[in-house]
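# Descriptive structure summary
If you want the building blocks of each chain, they are given just below.
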Amino acid sequence: MHVRQTGAKLTLLYSHGNAADLGQMYELFVELSAHLNINLMGYDYSGYGQSSGKPSEQNTYADVEAVYRCLIETYAASEENIILYGQSVGSGPTLDLASRLPRLRAVVLHSPILSGLRVMYPVKNTYWFDIYKNIDKVPLVRCPVLVIHGTADEVVDCSHGRALWELSKVKYEPLWVKGGNHCNLELYPEYIKHLKKFVGAIEKLPPPNDESPESSGPSNSSQTEPVGAEDSRKSTDHREKPRPSIDHRKSTDRRDKPRGSTDRRDKSRKSVDHPDKPRASVDQSDRPRKSIDRFGGMMKAVRLRNIDCFKVTTSGS
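Residues numbered from 1 in each chain as written. Predicted model: local features only at pLDDT ≥ 70, side-chain atom pairs only at ≥ 80, totals over all residues. Heavy atoms only, no water.

### Let's talk about the overall build of the protein chain
The secondary structure content of the protein chain amounts to eight helices and eight strands. Pairs at least 24 apart in sequence give 71% of the contacts found in the protein chain among residues at least 6 apart. Accessible surface for the protein chain amounts to roughly 14700 Å². Of this, 50% is attributable to carbon and sulfur atoms. (Helix = DSSP H or I, 4+ residues; strand = E, 2+ residues; numbered from the N terminus. Contact = heavy atoms within 4.5 Å. Areas by Shrake-Rupley, 256 points an atom, 1.4 Å probe, with all protein chains shown as cover.)

### Focus: helix 3 (residues 91-98)
Where burial is concerned, most of helix 3 is hidden: eight out of the eight residues are buried. Within the sequence span of helix 3, burial applies to S91, G92, P93, T94, L95, D96, L97 and A98. On its buried face, helix 3 is in contact with strand 2 (11-15), helix 2 (57-73), strand 4 (82-87), strand 5 (106-110) and helix 5 (134-137). (Buried < 20%, exposed > 50% of the residue type's maximum accessible area, 1.4 Å probe, protein only.)

### What about the environment of V138?
Checked against the element boundaries, V138 lands in the loop between helix 5 and strand 6 (144-150). Look past the residues within four positions of V138 in its chain and what remains in contact with it is L95, L164, L167 and S168.

### Let's talk about the pattern of salt bridges
This model, assessed by the stated rule, comprises seven salt bridges. By sharing partners, the salt bridges in this structure join E65, R69, D96, R100 and K137 into a single network. (Salt bridge = Lys/Arg side-chain N within 4 Å of Asp/Glu carboxyl O.)

### Here's the deal with unusual backbone geometry
At N37, a position not held by glycine, the phi torsion is positive, near 50°. Located in the positive-phi region is Y132, a residue other than glycine, with phi close to 50°. Along the chain, Y132 turns up in the loop between helix 4 (116-120) and helix 5. Overall, Y132 belongs to the buried group, its relative accessible area being 0%.

### Section: the packing of aromatic side chains
If you walk through the whole model with that rule in mind, you get eight aromatic pairs. Taken together, a centroid distance of 4.3 Å and an interplanar angle of 15° make the contact between Y14 and Y85 stacked. One end of the pair, Y14, is in strand 2; the other, Y85, is in strand 4, with 71 residues separating them in the sequence. One exposure class covers both Y14 and Y85, and it is buried. Lying across the ring of W176, R162 places its NZ or CZ 4.5 Å from the centre. One Lys or Arg, K171, reaches over the ring of W165 and ends 5.7 Å from the middle of that ring. (Phe/Tyr/Trp six-rings, centres within 6.5 Å; stacked < 30°, edge-to-face > 60°. Lys NZ or Arg CZ within 6 Å of the ring centre and 35° of its normal.)

### Digging into the packing of helix 2 against helix 3
Interaxial distance between helix 2 and helix 3 falls to 9 Å at its minimum, and their mutual angle equals 60°. By the criterion of interaxial angle, the relationship of helix 2 to helix 3 is oblique. Crossing geometry of helix 2 relative to helix 3 is assigned as right-handed. Contacts between helix 2 and helix 3 involve T60, Y61, V64 and Y68 from the first element and G92, P93, D96 and L97 from the second. Its residues placed into classes, the contact of helix 2 with helix 3 shows five nonpolar, two polar and one charged. (Axes fitted to C-alpha atoms, helices over the stretch in contact; angles between N-to-C directions. Parallel < 35°, antiparallel > 145°, perpendicular 65-115°, else oblique. Left-handed = near helix turned anticlockwise from the far one by under 90°. Nonpolar A, V, L, I, M, F, W, Y, C, P; charged D, E, K, R; others polar.)

### Things to note about helix 6 (residues 158-167)
For helix 6, the full list of buried residues reads C158, H160, G161, L164 and W165. Viewed along the axis of helix 6, the buried residues span an arc of 155°, placing them on a single side of the element. Each element contacted by the buried residues of helix 6 is listed here: strand 5, helix 4, helix 5, strand 6, strand 7 (170-171) and strand 8 (175-177). (Arc of directions from axis to C-beta.)

### Regarding the side chain of S168
Along the chain, S168 turns up in the loop between helix 6 and strand 7. From its side chain, S168 meets the backbone oxygen of L164 in a polar contact 2.8 Å long. (Polar contact = N/O pair within 3.5 Å; in protein donor to acceptor, adjacent residues only side chain to side chain.)

### Brief notes about the packing of helix 1 (residues 22-36) against helix 7 (residues 189-204)
Contact geometry of helix 1 with helix 7 gives a least axis separation of 10 Å together with a crossing angle of 50°. The orientation of helix 1 relative to helix 7 falls into the category oblique. Viewed along their axes, helix 1 and helix 7 form a crossing whose handedness is right-handed. Across the interface between the two elements, L32, H35 and L36 from helix 1 touch Y191, I192, L195, K196 and V199 from helix 7. Split into classes, the residues belonging to the contact of helix 1 with helix 7 amount to six nonpolar, one polar and one charged.

### Some remarks on the pairing of strand 2
Of all five residues that make up strand 2, five are buried, and the element is covered over most of its length. Of the two faces of strand 2, the one holding T11, L13 and S15 and the one holding L12 and Y14 are both buried throughout. Pairing between strand 2 and strand 3 (residues 39-42): four bridges, direction parallel. Note that in strand 3 the partner of T11 across the bridge is N39. As for the winding sense of the linkage, the β-α-β connection from strand 2 through helix 1 to strand 3 is right-handed. With five bridges joining them, strand 2 and strand 4 adopt parallel strand pairing. Its bridge partner lying in strand 4, T11 is registered against I82. (Pairing = 2+ DSSP bridges. Right-handed = clockwise from strand over helix to strand, strands pointing away.)

### Quick look at the pairing of strand 3
The two faces of a sheet get side chains in turn, since along a regular strand they alternate between them. Side-chain alternation along strand 3 places N39 and M41 on one buried face and L40 and G42 on a second face that is also buried. Where strand 1 (residues 2-3) meets strand 3, two bridges bridge the pair, whose relative direction is antiparallel. Residue H2 lies in a different strand from strand 3, and its bridge partner there is M41.

What follows is the structure, given as structure tokens:
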């Protein structure tokens, strides 16, 4: 779904949350485009809404890259004029793509997750079976990062957003919505006010330059360069090396090959990097819509099925 604003210079590529589809996001997309005076592109992940295919972590990475290429090739957008926006689970594909685009204009993380496993367990290390390892990717993002999170979020604790902001290389003043939960931040007046301020600051910046990736962010007194960004926390998962820029590769994300778990007791478990294989444990008997939470099988593999933002639901709400 592409919403065009006459005279707009920037384009927002929006990756929505788990229990949503374009039908539910339509009105918000139109309102955001009008209030921010920005072009907006939204999409459904594989297996969501009317999209074909099956949902998986790797497919969401391929999905956001396909939409990005569509913006470049069909809508004549440029990398330096694109803002990536990721809500909840959408922060995963957003940061994966952002970590590979050196000239990206900016990133917005809305109620983001550190990783799938960390939604349930406060683990310190990154394990091979975890999904959406945002904690390892956000330090690789070179452009300004805005984080928005509700202080009363009972699905993804606000500490996730705070940690990602601290790990960001180019910080922009975050918005911690007092009393906001996981699904209602758009209802708070400060949400759209802060977004407009952010977009205005980004528009005033000169386009990013490949030769100087450490260029300063928006001229905002709250923006800071993080200390020791290059010395980010070491991960036990040594596969998570930055992928080549998407401008120099033909296929999406073929790096993740299953390997032995850091916990030898889990050796018999199949990697969640291959969720497309049929799973007998996934309940597919009640499917009134295709859009709601198709990550059930993958979540069960890492025991995240009881978390609301990953839960398999049978209603369209």
